[in-house]
Amino acid sequence: MLVVVVGVSHATAALELRERLALDGGAALGVARALLAPGGVCEAVALSTCNRTELYMYARDASAARQAALELLAERAGVSPASLAPSTYSHAGEGAIEHLFRVVASLDSMVIGEYQIVAQIREAYETAREGGCTSVVFNRLFRHTLEVGKRVRTETAIGEKPVSVSSAAVDLAEQVFGHLEDTTALIVGAGETGELTATHLRARGVRDLLVTNRTLAAAQEMARRVGGRAVPFEDLEGHLVAADIVISSTSAPHCVVTRERVHRARRRRRGRPLFFIDIAVPRDVDPAIADLDGVFLYDIDDLEHVVARNRAEREKEAVRAEAIVVEELANVDAWLRALEVVPTIATLREAVERIRTSELERLGGRLSGLDDEQRAQVELLTSSIVNKILHLPTVTMKDVAGRDECYLYVDAVRTLFGLDGNGDGRAGARGEAHGAGEAGGARPGTAAAETAAGSEAGAAGGTAEEAGARRPAPGAGGDAGLAVP
Amino acid sequence: MEQVSVISLWIALLLFGAAFALFIFHYLSRREQMNLRGVVVALAGWIALGVALILRAASAKHIPVVGAYESLALITWFLVGVYLVLELFTQVKALGLYVMPAAMLFLGVAWSSYSAPAGLMPDLQSDIVVLHVIVMFTAVGALYLAGFAALLYLLEERLLKRHRTGSVLGRLPSLATLDRLVYHATLFGVPFLTMGMVAGAIRAIAFGVEGWLYDPMVLLSLGAWAIYLALLYGHLRGGWGGRRAAWLAIAGLVVMLAIRFAAVPYWSGFHTYGG
């Protein structure tokens, strides 16, 4: 069993194709469901953003799963699988998990360090989980993936510095004013970047947003769009007294904001700083204002410069993010390997044997009255009880080893007997995620145990309801599986 | 007891050093938890220093303000205390990187001028002296902090003006935060400074100290007091940019440091109690 991914992204497919493969929530669930097949794909998640459409599967046979996914995508795109294939990529096993981690870390994104992808993956996973398309492996894998996304962003500065002119401008404003809740922004002119910046400022909680333009109608139109209020252009100086952040993007051929105007306004501002962002070409704001105390001016060149440097910085941080991906990969790998039947049986026997011998040792004093033969009898008796108890689980596990859902049994056994409690497998997960991992780890296991039991009953009755056996009920396994701290 | 006190002071110094290292690591790695750990370690250092001061007070049988060793250790304790209050209870964050070196420097200087605990000279055995000293030290902690914040303010203002938006800028508190810190620390410190000066004057008059008004320390204190009043006045009246307030706070800091490191050991007439 291994994780397989098939997908298209901005790196491999043109926008036109990505558009045709874009899946909304319902369609994503439909695709995931269509992928699930007896003997083939056991769990599936479909991820679709404007830059990528990817199908994640937990499958027995990688190439069969790959083929099924490709056909499904081709059908949606309305092309033949053969012609779609060159635009897709595919990874299996560790490679697929690495890919998923790199995606969530935004290392595979168009803009490195963007944050939306984490929410998008969370949504894709939630959709699949609620639709009953995930189980033990994907519940844990995706939960872990979201942790990786979080870790990359808290431990590296990959998404810290803005890489667009408008958000760089807002960031600088925050450097001056701290929180923007108490500030007023003034937008002069109706340029596109100005509007974008206004939207950013709104999102960061700026208290009041004034919009002004030579033609009042244009100002009113934009004010409506960005949630501000239009004010008359004639009273610019009055607005300079009220505003803390001024974004200017008029098409005027000369300076709109002169030094004299700012100087006069500044005296009425009682010492509050004034921050100008001039994104117009030719410039709107007289550069000479920059030497006034408490007045800061950035023009489009300055901002572009900031953006370029921030981009370079993100590239550097990306190296550290890659290291985190590699580190996390090892954790998941160990856990996935533990889902194999044979080592689990061995671990189970060891664990129970340990209990038996330790109990005997505990009783050592009371058994001292026995002679050697009697003691051997006790040894024999306890061993045979243990073997009897373990016989059926062992046989059953070996029995299902060839089946798709065997890993559900394995997970159930590992959980019920606490085989991952000390030292191996998931206990090796890193410190922070440890608590959440344990808490979450216990419950999906229980759900899996239920479903495993259900599956056995079904098999005994001769009608293996595989789909039901494979997936825990959304309420039970699902909620427990997503242990977001 | 004195030995334990000194060891405790050393532990405090080491903990401040460790906190400083954590703050540097936080600065470089941007891992928020590093700052938190630094704050916890700094808090431990602050407690250790408090223990050192209490034990010193117990062995010397007076509040530990006599001589450079005791007074500098106490100043450090107030400085770190004000920083911790800000860090834990306000939005002013990440100042530890700048406060810790100052704390270490002060403790180092304190140690270099260590003196064995001595009994209180009769001149200082009075309630009003105790009051005078305590409020003065509170004022000093707050006003030093205002000065450091002002230095950062000017640095950041300059970076913003020159469009040096590199890595340093993003790691400083916002300009508005520093401006508020300068103002609030001053606002907090000035009433204590005033009280301390009044208490000192009452003491001097009551005991008929000759020429106390012309004592360099008294004159310098009056100068600092005037500077801080000007700062507060400018802020309340409005119309002053943050830059002017910052320069005043720095001027105040220079005077305060001159009092501590020049006037007390070298110039003062009657404030010199063991350097």
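Once a new chain begins, its residue numbering starts again from 1 and follows that chain's sequence as written. Chain letters start at A and ligand numbers start at 1, both assigned in the order the entries are written. Per-residue local features are limited, in this predicted model, to residues with pLDDT of at least 70; the limit for side-chain atom pairs, both in listing and counting, is 80 or more; totals at the level of whole chains, interfaces and linings are taken over all residues.

What's the story with the overall build of chain B in this structure? I'm lost.
Each helix is a run of DSSP H or I of at least 4 residues and each strand a run of E of at least 2, with the numbering of both proceeding from the N terminus. A tally of helices and strands in chain B yields nine helices and zero strands. Each helix (α) and strand (β) of chain B, taken in turn from the N terminus, gives the series α-α-α-α-α-α-α-α-α. A separation of at least 24 residues holds for 79% of the contacts in chain B among residues at least 6 apart in sequence. Residues are defined as contacting one another if the C-beta atoms placed from their backbone atoms lie within 7 Å.

Hey, could you run me through helix H5 (residues 127–161) of chain B in this one?
In this model, H5(B) (35 residues) spans 51 Å end to end at C-alpha, consistent with the 51 Å of a helix rising 1.5 Å per residue. Where H5(B) ends, the next residue or the one after it, B:His163, has phi of about 60°, a positive value. Expected helix span is given by 1.5 Å per residue-to-residue step, counting one fewer step than there are residues.

Hey, could you run me through the sheet that holds strand E5 (residues 184–188) of chain A in this one?
Paired through their backbone hydrogen bonds, the strands of a sheet run either parallel or antiparallel. Residues and elements named next belong to chain A. Spatial ordering of the open sheet is given by E7-E6-E5-E8-E9-E10, a layout of six strands whose pairing is parallel. Among the strands making up the open sheet, the edge pair consists of strand E7 (229–230) and strand E10 (295–299). As paired elements, strand E6 (residues 208–212) and E7 share two bridges and run parallel to each other. Each bridged residue has a counterpart across the sheet, and for Val211 the counterpart in E7 is Ala230. By this definition, two strands are paired if DSSP reports at least two bridges between them.

What's the story with the interface of chain B and chain A in this structure? I'm lost.
Buried accessible area, meaning the area lost when the parts come together, often serves as the stated size of an interface. Counting from both sides, the interface comprises 19 residues of chain B and, opposite them, 22 residues of chain A. The biggest single contributor to the side of chain B that touches chain A is helix H7 (residues 175–206) of chain B, with three residues. Residue composition of the side of chain B that touches chain A, by class: five nonpolar, nine polar and five charged. Residue polarity is assigned by list, with Asp, Glu, Lys and Arg as charged and Ala, Val, Leu, Ile, Met, Phe, Trp, Tyr, Cys and Pro as nonpolar; anything else, Gly included, falls into the polar class.

Got a minute to help me understand helix H16 (residues 406–416) of chain A in this structure?
Think of an α-helix as 3.6 residues a turn; residues three or four steps apart then line up on the same face. Residues and elements named next belong to chain A. Exposure classification rests on a simple neighbour count of other C-beta atoms within 10 Å of a residue's own: a residue reaching 20 or more is buried, one at 12 or fewer is exposed, and one in between is partly exposed. C-beta atoms are placed from the backbone. Counting buried residues in H16 gives ten out of eleven residues, a clear majority hidden from the surface. Taken together, the buried positions of H16 are Cys406, Tyr407, Leu408, Tyr409, Val410, Asp411, Ala412, Val413, Arg414 and Thr415. Where H16 terminates, the next one or two residues include Gly418, which has phi positive at roughly 60°.

Could you clarify how one ought to interpret the packing of helix H1 (residues 2–29) of chain B against helix H2 (residues 32–60) of chain B in this entry?
Geometrically, a packed helix pair is captured by the angle between its two axes and the distance between the axes. All names here are of chain B. Contact geometry of H1 with H2 gives a least axis separation of 7 Å together with a crossing angle of 165°. When the interaxial angle is binned, H1 and H2 end up roughly antiparallel. Of the two possible hands of crossing, H1 and H2 adopt the one that is left-handed. Grouping the amino acids of the contact of H1 with H2 by side-chain chemistry returns 20 nonpolar, eight polar and three charged. The axes used here are C-alpha line fits, helices contributing only the stretch in contact, and every angle between their N-to-C directions lies in the interval 0 to 180 degrees. Roughly parallel covers angles under 35 degrees, roughly antiparallel covers those over 145, roughly perpendicular covers 65 to 115, and oblique covers all other angles. Definitions for this section: a left-handed crossing has its near helix turned counterclockwise from the far helix by less than a right angle. A right-handed crossing has that turn clockwise.

Where do I start with the nonpolar core in this structure?
One broad rule of soluble globular proteins: the nonpolar side chains tend to lie buried together. To count as a nonpolar core, a set of buried Ala, Val, Leu, Ile, Met, Phe, Trp, Tyr and Cys residues must be joined through C-beta atoms within 7 Å. The biggest cluster of nonpolar side chains holds 128 residues, and the ones touching the most others in it are A:Ala185, B:Ala73, B:Ala149 and B:Val182. Per element, the largest residue contribution to this core is 17 residues, and it comes from H5(B). Discounting residues that sit within four places of it in the chain, B:Ala149 has contacts with B:Leu178, B:Leu181, B:Val182 and B:Ala185. By size, the runner-up hydrophobic cluster in this structure holds 73 residues, among which are A:Tyr58, A:Leu100, A:Ile158 and A:Val332.

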